[in-house]
Amino acid sequence: MSAPNETPITADLIQSHGLKPDEYQRILDLIGREPTLTELGIFSAMWNEHCSYKSSKKWLRTLPTKGPRVIQGPGENAGVVDIGDGDVVVFKMESHNHPSYIEPFQGAATGVGGILRDVFTMGARPIAAMNALRFGAPDHPKTRHLVSGVVAGVGGYGNSFGVPTVGGEVEFDARYNGNILVNAFAAGLAKADAIFLSEAKGVGLPVVYLGAKTGRDGVGGATMASAEFDESIEEKRPTVQVGDPFTEKCLLEACLELMQTGAVIAIQDMGAAGLTCSAVEMGAKGNLGIELNLDDVPVREDAMSAYEMMLSESQERMLMVLRPEKEDEASAIFRKWGLDFAIVGKTTDDLRFRVKIAGAEVADLPIKELGDEAPEYDRPHEPTAPIPALDAETVAPPHDFNEALLTLIGNANGASRRWVWEQYDTMIQGNTLVRPGGDAGVVRVEGHETKALAFSSDVTPRYVEANPYEGGKQAVAECWRNINATGAEPLAATDNLNFGNPEKPEIMGQLVGAIKGIGEACETLAFPIVSGNVSLYNETNGVAILPTPTIAGVGLLPDWNRMARIDAMADGDALFLVGD
Amino acid sequence: MKAAVILLPGLNRDRDMIAALTKISGTAPQTIWQTETSIPSDIDLVVIPGGFSYGDYLRCGAIAARMPVMQAVIERAKAGTRIMGVCNGFQILLEMGLLPGALMRNAHLNFVCKEVELEVTNAGTAFSNRYEKGQVIRCPVAHHDGNYFADGETLARLEGEERVVFRYANGGNPNGSVNDIAGIVNEGGNVLGMMPHPENLIEPAHGGDHGRGIFESALDLALA
Amino acid sequence: MKARVTVTLKNGVLDPQGKAIESALGTLGFDGVGSVRQGKVFDIELDHEDRAKAQTDLTAMCEQLLANTVIENYTIEIQ
Amino acid sequence: MKARVTVTLKNGVLDPQGKAIESALGTLGFDGVGSVRQGKVFDIELDHEDRAKAQTDLTAMCEQLLANTVIENYTIEIQ
Ligand SMILES: Nc1ncnc2c1ncn2[C@@H]1O[C@H](COP(=O)(O)OP(=O)(O)O)[C@@H](O)[C@H]1O
């Protein structure tokens, strides 16, 4: 799409940008004129489901997000939780479902890359990762290819970057045949007084671009992530984003070094619709305007238009506002790590988002409205019809218990996941106390004698389908128990809500029910949700995935010498069953 | 003895290595960035840690081996200074020509991370003298390209000169290495390359300390 | 019969390896290197001499296994 | 000027990737595949038109970086 900026805005064009007629009307009302092509692209990126949470926001607001240890709840790149002694844990989970279905290796790899960036953007060094994966039936013709690609992609990125993978999930069900789920979690450690946010401060300051060059990768990707699949998707492939974990590792080290110098005022990673979302967020949060000059953006392809640059999803890029007097120090660090960087704009006081290229202004939009006045929907929702409980009396006992047991543990969903996690580096950094295979992964807190953190990711989608409210509660409770089973105190959680098309009342009903259940369980257990992600429209030919609200939690162990572990059992130990 | 750790972009077990050397010797090793052209003369042990230097792009260790600091490492190796390369460090030493052979993609093609058993096949080297010959130790591995290969002649020499220091034991070869080779030394015995990660098994938190002996040998630490 | 399949990245797809090699060549002092893109070759021996079958089979192998057609192109040469 | 460098494994050097592809092709039902060896290609753009310099430079690039001459051979084609 190298169309000129003056391209007339037709109904088709509006529709292909995923904007509904009433949403387009809202744009016209806001700016009082027809948008340019670049502006249309910017609106489509900011207002799609993926970035604006327009279908889920109303319900997400009901989740408990506060607590005595919560330093930063939802709304930033990741949540921040106090773990004492001036240390904080920074964590989030995010989906990369659609891209992983189209190109499993790169889709999963860039999913891991994205979540790691969310964590180190805030000034935290990543110390643990998890991945919750859901695939179609084991005998479906695409499954094998998807599984091997996704697992290799998760490992390929995380192993090279150097973060231990300490947990996750793998589940198979025919309902994921056309829409697999790849949910990636990352956690990092930082100091409470050295957390970095995306809010820009100060007028006339340089906006700096750092990291990989911009290409045409994934132009239109954010819009795709919010659209249903159909068979034609095979042809509609956008340029796939390729992950470069080496550049990401350099970016991590450069950012952490730079943050130490005091040069960073605001920082934001470039995720979906990179330049657009990051610049608008920095400006809107800081009550400032942003002016970008695209001639200065490092590009790796010829003749890129403003539209393409604003919507590019090239990976391993950051945008920041720096103190001008620290520029030399900053550029020495970027050069040491071999990263491209450029001053691509400045902060202004007019609350406008302006984009210039080759001397022409191709976008001039009100920045606050772009960020804050995205449409928000109260979509109709239908409660899920109750399914009567199965009467145990009607199920015949197995004639051979040994055989039944073998069937259970030999089943694709019951079998050991060792074949997956042995492809992940689980020991790097030298702090892993419990590797995958137990209830929760445990990592000790570097620099502290006895403290450790426990991580677990859980959900049972068929429970959620049977009863979204109870299933939502159950996912939280299981995560909480898994953390608790190591002896850790569960602190807080992040959620990744994967559902079908929210425009269908029965799907919206699942989402609403699950959020209510999650909210109630988190409230009762004092286990606040501090970050999260929503992935909707996971449907193919009208068939939705099982409702899958993945919950990932973090717990604190004051003394890991007293940790409980699953592999500490010995011959002759007594087994107890606790609970009812 | 004074140790130094070489740093390159993309390495990621550098912090593990620095932590291990610090905990075992009581002093933090010096760090040397890739653009340095000399290694201070008071350094007795140079360690190239694991990771993915330059993303392992082209071939593992290939780009790293051509960075300025490596010329200094070659000079020190010739002068008899102890040089130790672990995982990516081993791959780099091969690309530099300080050790013979090559590390190919694992036979099963997957990255593998697990604990394996190693047999100490030569306990007489500067890196293995805290163990007994034939002793079996535990040690983690984490790599994608650890499948050691050398031509017949080179192998015969390595075996004949007892330069294979560690071998995967008890049928647990995780990558298809020829002759189960996990670690070798050069002719002079002062350069060690090994795929497994002894730095990740040195303290109770790691579930054991079988890796310590390698550092205690290399650093000539007084026997406790 | 022998054949060589060459698989290269499509235009516009990021090539981190090529980029790293490019800058390593610069470090080694080679000037005048504009860009480097890395691809793969497969040298395949077929135990028959039927060129038509070879062409069909090799195309199918590329589509199904040797190339990731989402991001890669391939060419087939039969000797 | 454009050039293509092809790097292949020497005879007798183990090729785990080629082997794995060989057996995967078998699993996919392709018969008549004798052996598969995997190599690399580098498409290099040079910003001059001096063929002699290109030949010398590319040979040096192969010797110094692109190929591991202990286990690999290379060929250079200048277009
Ligand atoms: N994709 C994965 N990556 C890492 N570890 C995993 C993955 N899938 C499963 N695991 C690990 O395997 C173990 C068993 O998984 P699961 O059956 O989901 O556990 P549980 O039901 O006990 O919570 C857990 O320790 C889990 O962390």
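Going by the annotation in an unreviewed UniProt entry, the name recorded for chain B is Phosphoribosylformylglycinamidine synthase subunit PurQ, with Notoacmeibacter ruber given as the source organism. Under the Subcellular location (unreviewed entry) heading, UniProt states for chain B: "Cytoplasm". The record in UniProt for chain B states the following under Subunit (unreviewed entry): "Part of the FGAM synthase complex composed of 1 PurL, 1 PurQ and 2 PurS subunits."

Asker: Would you mind going over the pattern of salt bridges with me for this structure?
Answerer: A side chain of one charge can pair with a side chain of the opposite charge when the charged atoms of the two come close. Per the stated rule, a full pass over the model turns up 59 salt bridges over all chains. Across the salt bridge formed by Asp567(A) and Arg565(A), the nearest N and O atoms sit 2.9 Å from each other. Accessibility expressed as a relative area gives 55% for Asp567(A), which makes it exposed. Glu216(B) is paired through a salt bridge with Arg212(B); the nearest N and O atoms lie 3.5 Å apart. Of this pair, Glu216(B) and Arg212(B) are both found in helix α5 (residues 212-218), 4 residues apart, which corresponds to roughly one turn of the helix. Accessibility expressed as a relative area gives 23% for Glu216(B), which makes it partly exposed. Residue classification places Arg212(B) among the partly exposed positions, given a relative accessible area of 22%. Salt bridges linked by common partners bring Asp350(A), Arg352(A), Arg354(A), Glu361(A) and Asp364(A) together as one network.

Asker: What is the right way to read the interface of chain D and chain C from this model?
Answerer: Size of an interface: often given as the accessible area lost when the parts come together. Taken together, the contact pairs 32 residues of chain D with 32 residues of chain C. Across the chain D to chain C interface the summed buried area is about 2,700 Å²; carbon plus sulfur atoms make up 63%. Among the residues of chain D in contact with chain C, Phe30(D), Val41(D) and Leu65(D) are the three that bury the most area, contributing 18% of the side total. Viewed at the interface, chain C and chain D are joined by 2 salt bridges. Here chain D is connected to chain C by 10 residue pairs in polar contact (both at pLDDT 80 or more). Among the secondary structure elements, those contributing two or more residues to the side of chain D that touches chain C are β1 (2-9), α1 (16-27), β2 (33-46) and α2 (51-66) of chain D. Among the elements that line the side of chain D that touches chain C, the one with the most residues is β2(D), at 14 residues. When its residues are assigned to classes, the side of chain D that touches chain C shows 15 nonpolar, 8 polar and 9 charged. For strand β2 (residues 33-46) of chain C and β2(D), the ladder comprises 13 bridges, and the chain directions are antiparallel. The residue of β2(D) that forms the bridge with Asp43(C) is Arg37(D).

Asker: Looking at this structure, I do not really get the interface of chain B and chain A. What am I missing?
Answerer: Listed per partner, the contact involves 26 residues of chain B and 27 residues of chain A. Of the roughly 2,100 Å² buried at the junction of chain B and chain A (both faces included), carbon and sulfur atoms supply 55%. At the junction of chain B with chain A, the criterion picks out 3 salt bridges. Across the pair Glu203(B) and Arg444(A) runs a salt bridge, and its minimum N-O distance is 2.9 Å. In this structure, the connection of chain B to chain A is made through 12 residue pairs in polar contact (both at pLDDT 80 or more). Mapped onto the side of chain B that touches chain A, the elements with two or more residues apiece are α1 (14-25), β6 (112-120) and β7 (136-143) of chain B. Among the elements that line the side of chain B that touches chain A, the one with the most residues is β6(B), at 4 residues. Along the lines of polarity and charge, the residues of the side of chain B that touches chain A split into 13 nonpolar, 6 polar and 7 charged.

Asker: Help me out: how do you make sense of the sheet that holds strand β11 (residues 191-194) of chain B in this one?
Answerer: Backbone-to-backbone hydrogen bonds join strands into a sheet, with any given pair of strands oriented parallel or antiparallel. All names here are of chain B. Across the sheet, 9 strands lie side by side as β2-β1-β3-β4-β11-β10-β9-β6-β7; this open sheet has mixed pairing. Each edge of the open sheet is held by one strand with a lone partner, namely β2 (30-33) and β7. Along the sheet, successive strands turn relative to each other by an average axial angle of 25°, direction set aside. Running at roughly 75° to strand β10 (residues 181-185), helix α4 (residues 152-160) makes contact with β9 (164-168) and β10 of the sheet.

Asker: Quick question: what am I supposed to make of the UniProt feature "active site" (unreviewed entry) in chain B here?
Answerer: All names here are of chain B. Per the UniProt record, "active site" (unreviewed entry) is annotated on Cys 87, His 197 and Glu 199. Spanning 113 residues, the named residues form one tight spatial group whose C-alpha atoms are at most 11.0 Å apart. Once residues lying within four places of it in the same chain are set aside, the contact partners of Cys 87 are Gly 50, Ala 142, His 143, Met 194, Met 195 and His 197. Mapped onto the elements of the fold, Glu 199 is located in the loop between β11 and α5. Ignoring sequence-local partners within four residues, the contact set of Glu 199 consists of Arg 13, Asp 16, Met 17, Ala 20, Val 86, His 206 and Phe 215.

Asker: Please explain the site of the ligand as it appears in this structure.
Answerer: All names here are of chain A. Taken together, 15 residues sit near the ligand, with Asn 131, Gly 168, Glu 169, Gly 437 and Gly 438 positioned nearest. At 2.7 Å, a side-chain N or O of Asn 131 approaches a nitrogen atom of the ligand. In the model, an oxygen atom of the ligand is placed 3.3 Å from a nitrogen or oxygen of the Asp 458 side chain. For the ligand, the protein covers 76% of the area, taking 550 Å² as the surface of the free molecule. Secondary-structure elements contributing two or more residues to the shell around the ligand are β5 (165-172), α16 (418-421) and α18 (468-484). At 4 residues, the largest contribution of residues to the shell around the ligand is made by β5. Residue composition of the shell around the ligand, by class: 5 nonpolar, 6 polar and 4 charged.

Asker: Help me understand the sheet that holds strand β3 (residues 72-78) of chain D in this model?
Answerer: If you walk across this open sheet you meet the 6 strands as β3(C)-β1(C)-β2(C)-β2(D)-β1(D)-β3(D), and the pairing is antiparallel. A strand with exactly one partner marks an edge of an open sheet, and here the two such strands are β3 (72-78) of chain C together with β3 of chain D. Across the sheet, the mean angle separating the axes of adjacent strands is 25° when strand polarity is ignored. The pairing of β1(D) with β3(D) spans 7 bridges and is classified as antiparallel. Bridge assignment links Val7(D) to a residue of β3(D), and that residue is Tyr74(D). Docked against the sheet, α1(D) engages β2 of chain C together with β2 of chain D, running at close to 125° with respect to β2(D).

Asker: Hey, could you run me through the packing of aromatic side chains in this one?
Answerer: Describing an aromatic ring pair means giving the distance of the ring centres and the angle of the ring planes. Counting across every chain of the model gives 10 aromatic pairs over all chains. Centroid distance Phe91(A) to Phe185(A): 5.9 Å. Interplanar angle 40°. Geometry classified as tilted. Of this pair, Phe91(A) sits in strand β3 (residues 87-95) while Phe185(A) sits in strand β6 (residues 181-191); the two residues are 94 residues apart in sequence, bridging distant segments of the chain. Relative accessible area serves as the criterion here: at 0%, Phe91(A) is assigned to the buried category. Between the aromatic rings of Phe246(A) and Tyr54(B), the centroid separation amounts to 5.4 Å while the plane-to-plane angle is 40°, which identifies the pairing as tilted. In this pair, Phe246(A) sits in helix α10 (residues 245-260) while Tyr54(B) sits in the loop between β3 (45-48) and α2 (68-78), so the two residues belong to two different chains.

Asker: Quick question: what am I supposed to make of the pairing of strand β11 (residues 340-348) of chain A here?
Answerer: Consecutive side chains of a regular strand alternate in pointing toward one face of the sheet and then the other. All names here are of chain A. Bridge count between strand β7 (residues 206-211) and β11: 6 bridges; the pairing is antiparallel. In the strand pairing of β11, Val 208 is matched with Ile 343. When strand β9 (residues 289-293) meets β11, the two strands line up antiparallel, connected through 4 bridges. From the neighbouring strand, Glu 291 faces β11, where its bridge partner is Lys 346.

Thresholds applied
- Residues numbered from 1 in each chain as written.
- Chains lettered and ligands numbered in written order.
- Predicted model: local features only at pLDDT ≥ 70, side-chain atom pairs only at ≥ 80, totals over all residues.
- Heavy atoms only, no water.
- UniProt positions renumbered as here; feature names shortened; annotations may be inferred.
- Salt bridge = Lys/Arg side-chain N within 4 Å of Asp/Glu carboxyl O.
- Buried < 20%, exposed > 50% of the residue type's maximum accessible area, 1.4 Å probe, protein only.
- Helix = DSSP H or I, 4+ residues; strand = E, 2+ residues; numbered from the N terminus.
- Contact = heavy atoms within 4.5 Å.
- Buried area = accessible area lost by both parts, 1.4 Å probe.
- Polar contact = N/O pair within 3.5 Å; in protein donor to acceptor, adjacent residues only side chain to side chain.
- Nonpolar A, V, L, I, M, F, W, Y, C, P; charged D, E, K, R; others polar.
- Pairing = 2+ DSSP bridges.
- Axes fitted to C-alpha atoms, helices over the stretch in contact; angles between N-to-C directions.
- Near = heavy atom within 4 Å.
- Areas by Shrake-Rupley, 256 points an atom, 1.4 Å probe, with all protein chains shown as cover.
- Phe/Tyr/Trp six-rings, centres within 6.5 Å; stacked < 30°, edge-to-face > 60°.

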